[in-house]
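Here is what each chain is made of, one letter per residue.
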Amino acid sequence: MNFKDEYRAANEQIHGDRTILAGITEKPKKIIYFKPAVGIGIAAAVCAITLLAYPYINLPFGNEDSPIKTDGVFLASEQEKGMPLPENGEEMQSYNLEMRKAAPASVAEPAFDNCKAFGTCLLFENYVSVYDESGNETKYAITPETVFVNQNDEEISRETAEKGVIECIETENMVAVKIIIK
Amino acid sequence: MQKKTDSASVFKHRITELYFDTVYRLALSRTGSKSDADDVVQEVFVRFMRTDKVFESDEHAKAWLIKVTINCSKNVFASSWFKKTVPLSEELTFTDTHSGDVYLTVSKLPQKYRTVIHLFYYEDMSVKQIADLLNTKETTVKSQLHRAREMLKSMLGEDYNEF
């Protein structure tokens, strides 16, 4: 008899148990939640949105286009006039926050006739803060009827007024606010 | 080369299906125990499934599997847990008595002889291929084959005179 044929025939009758392969899996692939290009795109989109929204974001510092810039105008001008300023950043912050409070509903609407120059004041979204020489603040509400005028008493828009220098004027009996465009 | 349309996953599953018994029979020949052969086969296919190696052909994959089977069965021998508890004759059943006797006779040879006999007579490998697989010289393989045949002749008797 041929050894090779018999040995081969015997091996052909041997079969392994394939159930032992049941738990064998391929090497797990790395899970990539999104491609790097997508991540870069998201970061770029966030930057673009931030840049577009920047002029409209009210930050306590650094935003030159924000209406809050009026704080800086006030501080600079009042400093020149010798008014006491907050000595540290914390006081400055609370000082500014205080200045941003809404005006009382009962304040009188400002008038624009027979006024004399008083000084620089602050224009906020819905009120104007006027400071006397002692640093006392008086707030005047800005209502839909409030009119902004330039130095020639010509009516101007709110947006134009924000770009100008704001001055306060008063008569003998009342205080008024006038927006002067120089 | 692996076909471009044949993904690595599909290729590996096809090769596993194709060469499962080849690996099992070699492992059984080397270990002489079904349970140890199962362990070796499982280890071999775990490595196969997780390797990043690119196989050029089915034959390339087969050669890789045989090589890894030999290495993995060496680990079984090295393990302190390796012990043959059940005789192979009690674990295997053959429909053909003659071929069964031949197989069990081969299983009684020393392990190094069983391996060269299996690779030479069942896998139809050349002496050079076996030497490459076992990292040994061709003359060593020839010598082992010669001694194995002599032992088999004496164990099987005159009925098997053609090797």
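Describe the overall build of chain A, with residues and values.
Each helix and strand in chain A was counted, giving 5 helices and 8 strands. The linear arrangement of helices and strands in chain A, starting from the amino end, is α-α-α-α-β-β-β-β-β-β-α-β-β. A burial count over chain A gives 31% of its 182 residues as buried. A fraction of 55% describes how many contacts in chain A between residues 6 or more apart in sequence connect residues 24 or more apart. As displayed, chain A offers around 12000 Å² of accessible surface, 56% of which is attributable to carbon and sulfur atoms.

Could you give an account of the confidence of the model for chain A, naming the residues involved and the relevant values?
Low pLDDT means the predicted coordinates in that region are not meant to be read closely. Residue and element names in this part refer to chain A. Residue-level pLDDT values for chain A average 63, and 39% of them are 70 or greater. Per-residue pLDDT, averaged within each element of chain A, yields its smallest value for helix H3 (residues 69–80) (38) and its largest for helix H1 (residues 3–12) (91). Scored below 50 in pLDDT, residues 99–118 makes 60 contacts in the model with residues more than four places away or belonging to other chains.

Tell me about H1 of chain A, and name the residues and values.
Among the residues of H1 of chain A, those classed as buried are Phe3, Glu6, Tyr7, Ala10 and Asn11 of chain A. For H1 of chain A, the buried positions fall inside an angular range of 135° around the axis, keeping them on one side. Here the buried face of H1 of chain A lies against helix H1 (8–31), helix H5 (97–107), helix H6 (111–122) and helix H8 (138–156) of chain B. Where H1 of chain A starts, the residue carrying a side-chain oxygen 2.8 Å from the main-chain nitrogen of Lys4 of chain A turns out to be Asn2 of chain A.

Conventions adopted
Residues numbered from 1 in each chain as written. Chains lettered and ligands numbered in written order. Predicted model: local features only at pLDDT ≥ 70, side-chain atom pairs only at ≥ 80, totals over all residues. Heavy atoms only, no water. Helix = DSSP H or I, 4+ residues; strand = E, 2+ residues; numbered from the N terminus. Buried < 20%, exposed > 50% of the residue type's maximum accessible area, 1.4 Å probe, protein only. Contact = heavy atoms within 4.5 Å. Areas by Shrake-Rupley, 256 points an atom, 1.4 Å probe, with all protein chains shown as cover. pLDDT = per-residue confidence, 0-100. Arc of directions from axis to C-beta. Polar contact = N/O pair within 3.5 Å; in protein donor to acceptor, adjacent residues only side chain to side chain.

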